[in-house]
Amino acid sequence: MSPERDDLLAYPRPSVAADVVLLTVADGQLNVVLRQRDQGSHAGEWMLPGTMLRERERLGAAVLRCLDTRMHIQGRSPRQLHVFDDPARDERGWVLTVTHLDVLPLAALEQGLAHGHGQLRPVTEVHGLPFSHDEIIAWAVKMVRWEYEQEPDPWNLLECEFTMTQLRQVHDAVAGSPHQKDTFRRAMEPQLEALELRAVPPGGNGLGRPARVYRRRPDTDQPLLIMT
């Protein structure tokens, strides 16, 4: 066994990337944001927004820089998800990526999408992306779906007040399959605070029974992110 050395230059150095999985619900299904690469060997291909870590730069700062310059997204706090370190994931060389995750309402993506900086793609239709991005997205989707099985809308895709139907529709979209109404209500209602408000029926014609309005309990506001 060789002794440990203090000379860091004696060890090989990988390049470090920061890739960001941005998930949202659109058209009743879970979507991921992809960005078209504009240069390099994969120019024209769609992939996750990402950037290479600059010298002496923190990972969190690199992620925010990437979102700002590539997607026109500010004010978010993506969470570190996982390190993908397969030496063969990038044909250009040894590049490990520290992936980050954010799940956000569609409205928060409108500016970047409107300027042509990205596209939405249903997570069920993601395949053939470079740099192991298929695997990264699958990891993120699995994590988010698990979180939505545990708590009511942990990533706050809905407004602060919502009906049980609206909540179930979001959970259906994230899960990729419908929930049984009564079972879903029994699982989620203990974690919600029922308000005295009643939702106005669609059309405002007074027909139908107004739905009860809920909001999340304060102790369920933060999304879980447990590595497995």
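Starting afresh in each chain, residues are numbered from 1 along the sequence in its written order. Reporting in this predicted model follows two pLDDT cut-offs: at least 70 for local features of residues, and 80 or more for side-chain atom pairs to be given and counted; totals over whole chains, interfaces and linings ignore these cut-offs and use all residues. Side-chain calculation: all heavy atoms of the structure are included, whereas hydrogens and water are not.

K.L.:
An account of the layout of surface pockets is needed here, citing residue identities and associated values.
P.N.:
Only protein atoms enter the calculation, which uses a 1 Å grid: trapped sets of points that fit a 1.4 Å probe without letting it out are cavities, open sets showing protein on both sides within 12 Å along at least five of seven lines are pockets, and any residue with an atom within 4 Å of a point is a lining residue. Grid points are joined across faces, edges and corners, and a volume is the space filled by probe spheres set on the points. Estimates place the volume of the largest pocket at around 350 Å³. Taken together, 19 residues line the largest pocket, and the ones lying closest to its centre are Arg-37, Met-47, Gly-50, Thr-51 and Arg-70. Listed by contribution, the elements that provide at least two residues to the lining of the largest pocket are strand E1 (15-26) and strand E4 (50-52). Of the pockets and cavities examined, the second largest pocket occupies roughly 250 Å³. Lining the second largest pocket are 13 residues, with Met-164, Thr-165, Arg-185, Ala-211 and Arg-212 positioned closest to its centre. Under the DSSP-based scheme used, a helix requires at least four consecutive residues in state H or I and a strand at least two consecutive residues in state E, with every element numbered from the N terminus.

K.L.:
Go over the environment of Asp-19, please, and point to the residues and values.
P.N.:
Topologically, Asp-19 is positioned in strand E1. Given a relative accessible area of 7%, Asp-19 falls into the buried group. When the C-alpha positions of Asp-19 and Val-98 are compared, they lie 6.6 Å apart, and in sequence the two are 79 residues distant. Contact between two residues is taken to exist if any of their heavy atoms lie within 4.5 Å; hydrogens are not considered. When sequence neighbours within four positions are dropped, the list of residues in contact with Asp-19 reads Pro-49, Gly-50, Arg-89, Thr-97, Val-98, Thr-99, His-100, His-133 and Ile-136. Only 2.8 Å separates the side chain of Asp-19 from the side chain of Thr-97, close enough to count as a polar contact. Each residue gets one of three labels from its accessible area relative to the maximum for its type: buried under 20%, exposed over 50%, partly exposed in between, using a 1.4 Å probe on protein chains only. In protein, a polar contact means a hydrogen-donor-capable atom and an acceptor-capable atom, both N or O and within 3.5 Å, with residues adjacent in sequence counting only if both atoms are side-chain atoms; elsewhere, any N or O pair within 3.5 Å suffices.

K.L.:
Go over the pairing of strand E6 (residues 95-103), please, and point to the residues and values.
P.N.:
Most of E6 sits out of view: nine of its nine residues are buried. Going residue by residue along E6, you find Val-95, Thr-97, Thr-99, Leu-101 and Val-103 tucked away on one face and Leu-96, Val-98, His-100 and Asp-102 tucked away on the opposite face as well. Pairs of strands are assigned from DSSP output, requiring at least two bridges between the strands. Inspection of the sheet shows E1 paired to E6 by seven bridges, in the parallel sense. Looking at E6, one finds that Val-21 is bridged to Leu-101. In terms of strand pairing, strand E5 (residues 79-84) meets E6 through five bridges, oriented antiparallel. The residue bridging Arg-79 from the neighbouring strand is Leu-101, located in E6.

K.L.:
Account for the nonpolar core, with residues named and values stated.
P.N.:
Of all hydrophobic cores here, the largest spans 32 residues; its most connected members are Val-21, Leu-23, Val-32, Leu-101, Ile-137, Val-144 and Leu-167. For this core, the elements supplying multiple residues, two or more each, are E1, strand E2 (29-36), E5, E6, helix H3 (133-150), helix H4 (164-175) and helix H5 (181-188). Considering each element in turn, this core owes the most residues, seven residues, to H3. Those residues within four positions of Leu-23 in sequence are excluded, and the remaining contacts are Leu-30, Asn-31, Val-32, Leu-101, Asp-102, Val-103, Leu-104, Val-123, Ala-140, Val-141 and Val-144. Here, nonpolar core refers to any group of buried Ala, Val, Leu, Ile, Met, Phe, Trp, Tyr and Cys residues whose side-chain atoms link them within 4.5 Å. In terms of nonpolar packing, the next biggest core, distinct from the first, is built from 11 residues, Leu-22, Val-33, Met-71 and Leu-109 among them.

K.L.:
Describe the environment of Arg-35, naming the residues involved and giving the relevant values.
P.N.:
Positionally, Arg-35 belongs in strand E2. On the basis of relative accessible area, Arg-35 is assigned to the buried category, the value being 15%. Discounting chain neighbours no more than four positions away, the residues touching Arg-35 are Glu-45, Trp-46, Met-47, Pro-49, Arg-70, Met-71, His-117 and Gly-118.

K.L.:
Give me the lowdown on the packing of aromatic side chains, citing residues and values where you can.
P.N.:
Two rings belonging to Phe, Tyr or Trp (six-membered ring only in the last case) form a pair when the distance between their centres is within 6.5 Å. Interplanar angles under 30 degrees mark stacking, angles over 60 mark edge-to-face geometry, and anything in between is tilted. Inspection of the entire model under this criterion finds one aromatic pair. Note on Phe-84 and Trp-139: the rings are 5.8 Å apart at their centroids and 80 degrees apart in plane angle, and the pair reads as edge-to-face. One end of the pair, Phe-84, is in strand E5; the other, Trp-139, is in helix H3, and 55 residues separate them in sequence. Residue Trp-139 is classed as partly exposed on the basis of its relative accessible area of 26%.

K.L.:
Give me the lowdown on H4, citing residues and values where you can.
P.N.:
Over its 12 residues, H4 runs 16 Å from end to end, which matches the ideal 16 Å to within 8%, given 1.5 Å per residue. The set of residues buried in H4 consists of Met-164, Leu-167, Arg-168, Val-170, His-171, Asp-172, Ala-173 and Val-174. Gly-176 lies just past H4 and shows a positive phi near 80 degrees. Here a helix's expected span is defined as the number of its residues, less one, multiplied by 1.5 Å.

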